[in-house]
Amino acid sequence: MSAAASAVIAALDDAEKLQKARLHPIAVLSGMLAYKSGGGGMYTKSQHTWTPVGQIVDALDAAFYKTFKNVEPAGKRTLLALDVSGSMDGGVIAGVAGLTPRMGSCAMSLITAATEKVHAFIGFTSGGAGHGVYGGKWGGGGNGVTSIDISPKMRLDECVAKVSALPMGGTDCALPMIWAQKNKIEVDTFCVYTDSETWAGTIQPFQALKEYRQKMGIGAKLVVIGMTSTEFTIADPSDAGMMDVVGFDTAAPGLINDFSR
């Protein structure tokens, strides 16, 4: 009930101020998670602790959705492919404390839904049957790709719940390109979000992209966002149309968007 709390809430509620600050939604989400944690070193670099004010948490939550308008669209046909393996719920992204790979990929999905006119979302998983039409090696569940209905009007917790309900298995990052080629889906940029617990199925992801380009006649790009670092690399370093993002912080979304554009 302090004047300071009122000033913070008013600033976070001011859409014009948020736009002038050019805050990316992920930066707001990062701030909300840090503030909501109460500090103590786990979610912030400071050892100080505090009692979060409920109204400020709510104002930060609302500001996350308001800043969607701050994101400049790439204007490309974008396929966001979300790794739905169980390990996406584990661990914390080092660059955005308190954010799990699952939550981070869902946040980016909502932002893309709000900014890119031509987009689609899929969840991909590989089961233990192995080496079928979608590749596969181990991990339980079935091989395949599932379309996900994500709307910018959806809340982040709703999106996380929807993705978490999909069948889970192993991780094969070639599946999105194989699926798009098989179904003749026209894509300019593939964005694959994973926690890097990945392995190759019957074909490497960069090979799957090259085959997609040849068959579809589209110079598609591939961004693989390994939201936690496990010394991985998926993209072909000699191919200027592929990019690996290792780790994830508040600058990453802008870099991905610039690369796509």
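Our structure's up above, just so we're on the same page.
These lines cover the structure that appears in this document, whether it is placed above or below. A quick note: this is a predicted structure, and the numbers were derived from the prediction, not measured.

What counts and how
- Residues numbered from 1 in each chain as written.
- Predicted model: local features only at pLDDT ≥ 70, side-chain atom pairs only at ≥ 80, totals over all residues.
- Heavy atoms only, no water.
- Helix = DSSP H or I, 4+ residues; strand = E, 2+ residues; numbered from the N terminus.
- Expected span 1.5 Å × (residues − 1).
- Buried < 20%, exposed > 50% of the residue type's maximum accessible area, 1.4 Å probe, protein only.
- Arc of directions from axis to C-beta.
- Contact = heavy atoms within 4.5 Å.
- Disulfide = S-S within 2.5 Å.
- Core = buried A, V, L, I, M, F, W, Y, C linked by side-chain atoms within 4.5 Å.
- Phe/Tyr/Trp six-rings, centres within 6.5 Å; stacked < 30°, edge-to-face > 60°.

Describing helix α8 (residues 205–216)
Thinking step 1. Over its 12 residues, α8 extends 16 Å from the first C-alpha to the last, a length consistent with the 16 Å expected when each residue adds 1.5 Å.
Thinking step 2. Turning to α8, its buried residues are P205, A208, L209, Y212 and R213. Taken down its axis, α8 places every buried residue within 140° of arc, on the same side. Opposite the buried face of α8, at more than 90 degrees from it, the exposed residues are Q214 and K215.
Thinking step 3. Against the buried residues of α8 lie α7 (175–182), β4 (189–194), β5 (221–226) and β6 (242–246).
Thinking step 4. Directly beyond the C-terminal end of α8, a positive phi value near 70° is found at G217.

A closer look at the state of the cysteines
One covalent bond between the sulfur atoms of two cysteine residues makes up a disulfide.
Thinking step 1. Applying the stated criterion to the full structure yields zero disulfides.
Thinking step 2. Of all cysteine sulfurs in the structure, the one in C106 sits closest to C159, which takes part in no disulfide; the separation is 3.5 Å.

Regarding the nonpolar core
Thinking step 1. Formed by 47 residues in total, the largest nonpolar core has its most connected members in L29, Y193, I225 and F248.
Thinking step 2. Sorting elements by how many residues they give to this core places helix α4 (residues 54–66) first, with seven residues.
Thinking step 3. Not counting residues within four places of it along the chain, the set of residues in contact with L29 comprises F64, L99, A107 and L156.
Thinking step 4. Counting 26 residues, the second-largest nonpolar core is a separate cluster that includes C173, V192, A208 and V224.

Some points on the packing of aromatic side chains
Thinking step 1. Taken as a whole and judged by the stated rule, the model has five aromatic pairs.
Thinking step 2. Judged by centre distance (5.2 Å) and plane angle (85°), the rings of F64 and F68 are edge-to-face. Comparing F64 with F68, the two get one shared label, buried.
Thinking step 3. Note on F190 and Y212: the rings are 5.1 Å apart at their centroids and 90° apart in plane angle, and the pair reads as edge-to-face. Pair noted here: F190 is in strand β4 and Y212 is in helix α8, with a separation of 22 residues, a long-range link. Both residues of the pair, F190 and Y212, belong to the buried class.

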